[in-house]
Amino acid sequence: MKKFPPMVSFLYVLSIFSFGVTVVNAQSAVTVSTWKDAHRGALSVSVDDGYISCSSQLTANGFEGTYFYDGTSPYSSWGNLYNAGMELGSHTANHPCNAIDDNSLRYQEIEPNIDAICAGTPQPCNYLISMAWPCGYTNPMEETVALDYFLSARGYNHNQLEEPTPSDFMNLKSFNSHVHKPYPPNDFKTIVDAAEQTGKWAILVFHSTCDDDNAISYAASKDIWVAPIGRIIKYILQRDGFILENYNESSSGIGFTFNRLALASSPEFNFESAFSLADTVTLKVDIDDYQTIESVRLNDKECPYIVLGISGNKFLLINAPVLITSQSVYIGYQGGQSPAISVSPSSLQVNAVAGTNPANETIVVSNAGGGTLSYTISDDASWLSCSPVSGT
């Protein structure tokens, strides 16, 4: 792999992570939920140093976590972790707990570790997007190197909640294990409560033992989205790069299109390749309380949805991937009008002198009903043509 100066990596910090603001039509009823399924807060469970602790607790509660491996020969059990839905992340090859130069970090620590995880586990290389700093040590120059390879890097020794949009994606705030100073709160369940109450993201770190104070099972009873670090990072990037366009509301329903800002690639990684159709965000549509939903269509196909009351308002929730290409949503109200074609005039009478072409004539096609109308026009004479032949 090529060597690049630190300033190149710094530019990727600006281009990949600096959008930070959802872009929407000013007066629309559509927003993106801060967290998946409109949960109030978020929680990630991570395990360092190649250990597999907490996996049984996560699986028993229907959750998935992030497991960070340090070394160059992953254990066979790591294949089982990935097959159980866990995210596998990088923790360097030799676990350096001190500053090292850029080339050593790239070619002796990060790249050998990435190669080992890619070769020794079933996780595709383009899904290896998370890193954890050994002993929590990092500095700005090391972060710029890591940014060439990963979407985020988790820190250590913070004992703080992370914001819904982190200020530093390359040093995510987390809570230490009980065995390491500075010690975290005595009961991890209080951290789950704090994430729910503040709307923030709690990242817990464990090592050889899952001394979680039953916080994992406790989270199952709270309004908390529990997911691996990488999945939450991809949600944040889709959420904060969201663009809403063509919003239209009528008595029949609500329609709009959406897409997102593209992520810039680094010299080492095409970050767009880390996203799949399974990486969805939750769109929130504020609908009138008296309306009943008849159907919801995403890209003209029926789409699952739920309706919730949030803070006294009625919201429709849709989970959809936010792609860099445009997608459409139409929410039809029960009792709303169906599309109905209208053509004016209903017929044309054309006169012409033999050997000459008549003047062009115009017809107007419109939707006399509700919703969205798509039409096509055809002719049955070789001497007749029409333009355009379709429209919406």
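Residues numbered from 1 in each chain as written. Predicted model: local features only at pLDDT ≥ 70, side-chain atom pairs only at ≥ 80, totals over all residues. Heavy atoms only, no water.

## Overview of the overall build of the protein chain
- Scanning the protein chain from N- to C-terminus turns up 8 helices and 20 strands.
- Across the 392 residues of the protein chain, 47% fall into the buried class.
- Of all intrachain contacts in the protein chain linking residues separated by at least 6 positions in sequence, the fraction that spans at least 24 positions is 67%.
- Carbon together with sulfur atoms contributes 50% to the accessible area of the protein chain, which is approximately 18,300 Å² in total. (Helix = DSSP H or I, 4+ residues; strand = E, 2+ residues; numbered from the N terminus. Buried < 20%, exposed > 50% of the residue type's maximum accessible area, 1.4 Å probe, protein only. Contact = heavy atoms within 4.5 Å. Areas by Shrake-Rupley, 256 points an atom, 1.4 Å probe, with all protein chains shown as cover.)

## Focus: the confidence of the model for the protein chain
- Confidence in the prediction for the protein chain averages 88 pLDDT; 86% of positions are at 70 or higher.
- Below a pLDDT of 50 lies the segment residues 1–15, which in the model reaches 31 contacts outside its immediate sequence neighbourhood of four places, other chains included.
- Contacts from residues 17–22, a stretch scored under 50 in pLDDT, to residues over four places away or in other chains number 16 contacts. (pLDDT = per-residue confidence, 0-100.)

## Notes on the state of the cysteines
- All chains considered together, the criterion is met by 3 disulfides.
- Put simply, C54 and C210 are joined by a disulfide, and their sulfur atoms are 2.0 Å apart. Classification of the bridge connecting C54 and C210 rests on its S-S torsion, roughly 105 degrees, and on that basis the disulfide is right-handed. With a gap of 156 residues between them, C54 in the loop between strand 2 (41–47) and helix 2 (55–60) and C210 in the loop between strand 7 (201–206) and helix 7 (215–219) connect regions that are remote in the sequence.
- Residue classification places C210 among the buried positions, given a relative accessible area of 18%.
- Here C118 is linked by a disulfide to C125, with a sulfur-sulfur distance of 2.1 Å. (Disulfide = S-S within 2.5 Å.)

## Structural notes on the sheet that holds strand 13 (residues 301–302)
- The sheet built from 5 strands is open, its strands ordered 9-10-16-12-13 with antiparallel pairing. The sheet is open, and its two borders are formed by strand 9 (242–249) and strand 13, each paired with just one other strand.
- Bridge analysis of strand 10 (residues 253–260) against strand 16 (residues 327–333) gives 6 bridges, and the strand direction is antiparallel. The residue bridging G255 from the neighbouring strand is Y330, located in strand 16. (Pairing = 2+ DSSP bridges.)

## Digging into the pattern of salt bridges
- Summed over all chains, the structure comprises 14 salt bridges.
- For the salt bridge of R106 with E268, the shortest nitrogen-to-oxygen distance reads 4.0 Å. Here E268 lies in the loop between strand 10 and strand 11 (280–286) and R106 lies in helix 4 (residues 102–120), a separation of 162 residues in the sequence.
- Ionic pairing is found between K222 and E196, a salt bridge with its closest N-O pair at 3.4 Å. Remark: E196 occurs in helix 6 (residues 189–198) and K222 occurs in the loop between helix 7 and strand 8 (224–226); sequence separation between them is 26 residues.
- For K222, a relative accessible area of 24% gives the class partly exposed.
- The exposure class of E196 is buried, given its relative accessible area of 11%. (Salt bridge = Lys/Arg side-chain N within 4 Å of Asp/Glu carboxyl O.)

## A short note on the side chain of Q327
- Summarising the element assignment, Q327 is placed in strand 16.
- Within the local environment of Q327, its side chain forms a polar contact with the backbone oxygen of P321, the two atoms lying 2.7 Å apart. (Polar contact = N/O pair within 3.5 Å; in protein donor to acceptor, adjacent residues only side chain to side chain.)

## Quick look at the sheet that holds strand 11
- Reading across from one edge, 1-11-15-14 is the order of the 4 strands in this open sheet, with antiparallel pairing throughout. Across the chains shown, the open sheet's two edge strands, defined by having one partner strand only, are strand 1 (30–32) and strand 14 (306–310). Taking each pair of neighbouring strands and ignoring which way they run, the sheet shows an average axis angle of 35 degrees.
- Sheet analysis places strand 1 next to strand 11, joined by 3 bridges and oriented antiparallel. Bridge assignment links V30 to a residue of strand 11, and that residue is V285.
- Most of the contacts of helix 8 (residues 229–240) go to strand 11, to which it runs at about 45 degrees, and overall it touches strand 1, strand 11 and strand 15 (313–321). (Axes fitted to C-alpha atoms, helices over the stretch in contact; angles between N-to-C directions.)

## Quick look at the pairing of strand 16
- Of all the 7 residues making up strand 16, 5 are buried; the element is thus mostly covered by neighbouring parts of the structure.
- In this sheet, strand 16 lies alongside strand 12 (residues 293–298) in antiparallel orientation, the contact comprising 5 bridges. Within the sheet, the bridge partner assigned to V296 lies in strand 16 and is I331.

## Points about helix 4
- Between the first and last C-alpha of helix 4 there are 26 Å, a value that for 19 residues agrees with the 27 Å anticipated at 1.5 Å per step.
- Of all the bends found along helix 4, the most pronounced is centred on I110 and spans about 30 degrees, while P112, a proline, follows it within four residues.
- Looking at helix 4, one finds that the buried residues are S104, L105, R106, E109, I110, E111, N113, I114, A116, I117 and C118. (Expected span 1.5 Å × (residues − 1). Bend = angle between axes of the 7 residues up to and from the residue.)

## Overview of the nonpolar core
- W201, F256, F258 and I331 are the most contacted members of the largest nonpolar core, which has 47 residues in total.
- If you tally residues by element for this core, the top one is helix 8, at 6 residues.
- Counting 42 residues, the second largest nonpolar core, distinct from the first, contains V45, A146, F150 and F188. (Core = buried A, V, L, I, M, F, W, Y, C linked by side-chain atoms within 4.5 Å.)

## Brief notes about the packing of aromatic side chains
- Inspection of the entire model under this criterion finds 8 aromatic pairs.
- Taken together, a centroid distance of 6.3 Å and an interplanar angle of 45 degrees make the contact between F256 and F258 tilted. Neither residue differs from the other here; F256 and F258 are each classed as buried.
- By the ring-pair criterion, three or more aromatic residues cluster together here, those being Y69, Y75 and W78.
- Stacked on the ring of F315, the Lys or Arg K284 has its end atom at 4.7 Å from the ring centre. (Phe/Tyr/Trp six-rings, centres within 6.5 Å; stacked < 30°, edge-to-face > 60°. Lys NZ or Arg CZ within 6 Å of the ring centre and 35° of its normal.)

## Considerations on unusual backbone geometry
- Of note, the bond from K181 into P182 is cis; its omega dihedral lies within 30 degrees of zero at -10 degrees.
- You can see P182 is positioned in the loop between strand 6 (152–154) and helix 6.
- Omega for the bond connecting S387 with P388 falls within 30 degrees of zero, at -5 degrees, which places this linkage in the cis form.
- Locating P388 in the fold gives a position in the loop between strand 19 (375–376) and strand 20 (390–391).

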